[in-house]
Structures are given as C-alpha cells and as structure tokens.
Amino acid sequence: MSHTIWRSTLAKVLATSALAVVALFVLYQAIYAGSPIRAATPDVVDVAIEDFLFSPSTITVTLGAAVRWTNNGFFAHTTTAQDLLWDSGALTSGNSFTHTFNQPGTFDYVCSIHPEMQGKVIVEVEATDFLFLPLVLAPQE
Ligand SMILES: [Cu+2]
C-alpha cells in the first residue's frame, strides 16, 4: 500500500520536473531566439586597444566571463559602455581594465576620447547555466 503511494508520488515528481524542463526551454527560446546556448568561453577574454581600434571589435563571451582590455597603443584610450555600465577612464599605454559580465545581452562600447572607436561585447548563456536561467534572469541590483 505505502509502496504504491510512494511510486505514485515519485511519478508526480518526475512529471513535474519534466514539465519544468520543457517550460524552461520554451522560456529560453522566447527570450534568446537567435542567441544560441554555447560552450563556455575562457574566464578572461582579452581585447587589445590599438591606435585607433579595438581588436577584435566584436567578441562573444559566456555569462560570468570577464573582458580585459589592454592599451597596446601610444595614445590614451578608454573602454566606455554606451549605457555607462562600465567606464575605464583614460588608460595610458600598457594599462588594462577588466569588467565582468553578469547579465546576458549585447553591450556596445566606445572610446570616449575617440568615439569613432567602437566595440561590442555579446554575452551568451553557457550550456550548463541553461537550467539556472530563472536565476540569471532575476533582476539584479
Ligand atoms: Cu581612443
């Protein structure tokens, strides 16, 4: 008798879990259509600042990764998000600035000294983070 009840409870838990996974997948598709789940990128991804461009100008990283900009040029430059999410201030030759990305999305940035210098960081969800998407999407700060 109690064995039967236990089995029935287990079946309900499994069914609910399966439903939750399907719901998460639908949610992911709805929000991130065109933004594939990807394998993890390194924890720190380097972008070189040259006179007068970012190299590479567009990079894709996974959630939680940091981007490190290093000024290899002769002149001072900045990395400044369009939405001011980060701003390195003037980086003189040889100096670096690192920003960690904890929200998925596309982030445009410029050098505030030479606004024609433009770059883009695309932050995507890592495959293993997929099931934690509700936490990722929860409002931060
Ligand atoms: Cu510059």
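1. Concerning the overall build of the protein chain
Secondary structure assignment for the protein chain yields two helices and eight strands. Counting helices and strands in the order they occur from the N terminus, the protein chain gives α-β-β-β-β-β-β-β-β-α. When burial is assessed residue by residue, the protein chain has 18% of its 141 residues classed as buried. For the protein chain, the proportion of contacts with a sequence separation of at least 24, taken over those separated by at least 6, is 53%.

2. Brief notes about the sheet that holds strand β3 (residues 58-62)
The strand order across the open sheet built from four strands is β3-β8-β7-β5, with neighbouring strands paired in mixed fashion. Bordering the open sheet on either side are β3 and β5 (80-81), each of which pairs with just one other strand. Direction of pairing for β3 relative to strand β8 (residues 118-124): parallel, over a ladder of five bridges. Pairing of T62 across the sheet is with E124, part of β8.

3. Notes on the pairing of strand β7 (residues 105-110)
Where β5 meets β7, two bridges bridge the pair, whose relative direction is antiparallel. Along β7, the bridge assignment pairs A81 with Y109. Bridge analysis of β7 against β8 gives six bridges, and the strand direction is antiparallel. Opposite T106, over in β8, you have I122 as the bridge partner.

4. Things to note about the nonpolar core
V61, V67, W69, F101, V121 and V123 are the most contacted members of the largest nonpolar core, which totals 16 residues. At the level of secondary structure, the elements contributing two or more residues to this core comprise β1 (44-50), β4 (66-71) and β8. The residues contacting V61, other than those within four sequence positions of it, are T41, V45, V67, F101, V121 and V123.

5. Considering the sheet that holds β1
If you walk across this open sheet you meet the four strands as β2-β1-β4-β6, and the pairing is mixed. Of all the strands in the sheet, the pair left with one neighbour each is β2 (53-55) and β6 (96-100). Along the sheet, successive strands turn relative to each other by an average axial angle of 25 degrees, direction set aside. Of the pairings in the sheet, the one linking β1 to β4 comprises six bridges and is parallel in character. Across the sheet, residue V47 finds its bridge partner in β4, namely W69.

Conventions used here
Residues numbered from 1 in each chain as written. Predicted model: local features only at pLDDT ≥ 70, side-chain atom pairs only at ≥ 80, totals over all residues. Helix = DSSP H or I, 4+ residues; strand = E, 2+ residues; numbered from the N terminus. Buried ≥ 20, exposed ≤ 12 C-beta atoms within 10 Å, placed from the backbone. Contact = placed C-beta atoms within 7 Å. Pairing = 2+ DSSP bridges. Core = buried A, V, L, I, M, F, W, Y, C linked by C-beta atoms within 7 Å. Axes fitted to C-alpha atoms, helices over the stretch in contact; angles between N-to-C directions.

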